Amino acid sequence: MFFIFLVVLGSVSIQGCASEKKKASEMSRSDRARMLIEVANGALLEGDPTGALQTLTQAESVDSSLPELHHSFALAYFRKHDLKRAIQSAKRAIELKPEYPEANNTLGKLLIENDQLLEAVAPLERAARNPLSREAYKAWTNLGIVSYRLGDLPQAEKMMDNAITEAPMAACVAFYYRGQIKLRNNDVKSAISDYDRATRKICASFGDAYLALGIAYEQSKQYELARKTFLEVEKRFPNTKIAEQAMDRVRFLP
């Protein structure tokens, strides 16, 4: 009886070792794929979407089951101006991980780019209302953009308010759009305040906000501040369309 127990125990141990080796092998494939995904994401940051796609294809051959793989595919295809494939990849990421906030926000943004405004709402709401998301403000901002483009300014402002509440230091685009709404409602003072906040600290590279701030100063007849702002645009963003627009407005200031 004791001998039988030992044999059974030994069999379980052998099976356990085999199972652990299998798991280790699976983990090593996943880890390798994730390393390749990180390399691809680095290529995207460096402005090389083609290189990113090449590396992501390698990662896919190692482990195609990772939702972050397909999310990175979506970002790379978007950089290559291939909206159809970008949307397909974002949807695949969500199929694998339905509550994936970054992928839901990316899908919503891609659908906005593809003029599928109503279809963008559901994934954006999932991303915005996910309590574990550190970047919910991006989804709230995109929801605001949907409402803005649909002409529902009160709803758009509400969504921008949510974004600003979530991340008051990072919601550059939300401040900009809220400024646009204020300006359309003839509240120039509030528009100037929002445009100004859309140019501060980490928002300092947001050229559209600088230009809008200058235009708001111009409309409120604060011509010296307008001139100063337009010249700042030309200084910060030389040889760009925004700089050209700013200098054109300078020429017509009183």
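Please read these numbers as outputs of a predicted model, since none were measured by experiment.

1. Quick notes on helix 4 (residues 83-96)
- An ideal rise of 1.5 Å per residue puts 20 Å on 14 residues; helix 4 measures up with 20 Å between its terminal C-alpha atoms.
- Residues of helix 4 that are buried include every one of Ala-86, Ile-87, Ser-89, Ala-90, Ala-93 and Ile-94, and no others. Considered in projection along helix 4, the buried side chains sweep an arc of 165 degrees and stay on one side of the axis. Seen from the buried face of helix 4, the exposed residues on the opposite side, beyond 90 degrees, are Lys-84 and Glu-95.
- Those residues of helix 4 that are buried lie in contact with helix 3 (67-79), helix 5 (101-113) and helix 6 (117-128).

2. Describing the packing of helix 11 (residues 207-219) against helix 13 (residues 241-251)
- Following both chains from N to C, one finds helix 11 and helix 13 inclined at 15 degrees, their axes separated by 10 Å at the closest point. Accordingly, the angle class assigned to the pair helix 11 and helix 13 is roughly parallel. Of the two elements, helix 11 crosses helix 13, and the hand of that crossing is left-handed. Touching Gly-207, Asp-208, Leu-211, Ile-215 and Glu-218 of helix 11 are Ile-242, Gln-245, Ala-246 and Arg-249, all from helix 13.
- In terms of residue class, the contact of helix 11 with helix 13 is made up of 4 nonpolar, 2 polar and 3 charged.

3. Section: unusual backbone geometry
- The residue His-81 is not glycine, and still its phi comes out positive at about 65 degrees.
- Among the structural elements, His-81 can be located in the loop between helix 3 and helix 4.
- The class of His-81 is exposed, set by a relative accessible area of 75%.
- Phi at Asn-239 is positive, roughly 60 degrees, even though this residue is not glycine.
- With respect to the element layout, Asn-239 can be found in the loop between helix 12 (223-236) and helix 13.
- The class for Asn-239 is exposed, based on a relative accessible area of 82%.

4. Observations regarding the packing of aromatic side chains
- Inspection of the entire model under this criterion finds 6 aromatic pairs.
- Taking the centre distance of 5.3 Å and the plane angle of 55 degrees together, the rings of Tyr-176 and Phe-206 count as tilted. Of the two residues, Tyr-176 is situated in helix 9 (residues 172-184) and Phe-206 in the loop between helix 10 (188-197) and helix 11; the sequence distance between them amounts to 30 residues.
- Assessed through its relative accessible area of 14%, Tyr-176 is described here as buried.
- Among the residues examined, Phe-206 registers a relative accessible area of 18% and is labelled buried.
- Every member of this aromatic cluster is reached through a ring pair, and the members are Tyr-148, Tyr-176, Tyr-177, Tyr-195 and Phe-206.
- Residue placement shows Lys-97 over the ring face of Tyr-100; its charged tip is 5.0 Å from the ring centre.

Cut-off values and rules
- Throughout this description, residue numbers start from 1 for each chain and increase along the sequence as written.
- Totals for whole chains, interfaces and linings use all residues, but because this is a predicted model, local features are given only for residues with pLDDT of at least 70 and pairs of side-chain atoms are given and counted only at 80 or more.
- Where side-chain values are given, they derive from all heavy atoms of the structure, hydrogens and water being excluded.
- Elements are defined by DSSP. Helices are runs of H or I of four residues or more, strands are runs of E of two residues or more, and each kind is numbered from the N terminus.
- A helix is expected to reach a length of 1.5 Å times the quantity of its residues less one.
- For every residue, the accessible area (1.4 Å probe, protein chains only) is compared with the maximum for its type, and the residue is labelled buried under 20%, exposed over 50%, or partly exposed between those bounds.
- Arc, as used here, means the arc of the directions from the helix axis to the C-beta atoms.
- The contact criterion used throughout is that any non-hydrogen atoms of two residues lie within 4.5 Å.
- Note on definitions: angles span 0 to 180 degrees between N-to-C directions of axes, and those axes are lines fitted to C-alpha atoms, for helices only across the stretch in contact.
- Angles are sorted into four bins: roughly parallel if under 35 degrees, roughly antiparallel if over 145, roughly perpendicular if 65 to 115, and oblique for all others.
- Left-handed describes a crossing whose near helix is turned anticlockwise from the far helix through less than a right angle; right-handed describes the clockwise counterpart.
- Only Asp, Glu, Lys and Arg are considered charged, only Ala, Val, Leu, Ile, Met, Phe, Trp, Tyr, Cys and Pro nonpolar, and every remaining residue, Gly among them, polar.
- A pair of aromatic rings is counted whenever rings of Phe, Tyr or Trp (Trp by its six-membered ring) have centres within 6.5 Å, and the orientation is called stacked for planes under 30 degrees apart, edge-to-face for over 60 and tilted otherwise.
- A ring is scored as having a charge over it whenever the NZ atom of a lysine or the CZ atom of an arginine sits within 6 Å of its centre and within 35 degrees of its normal.

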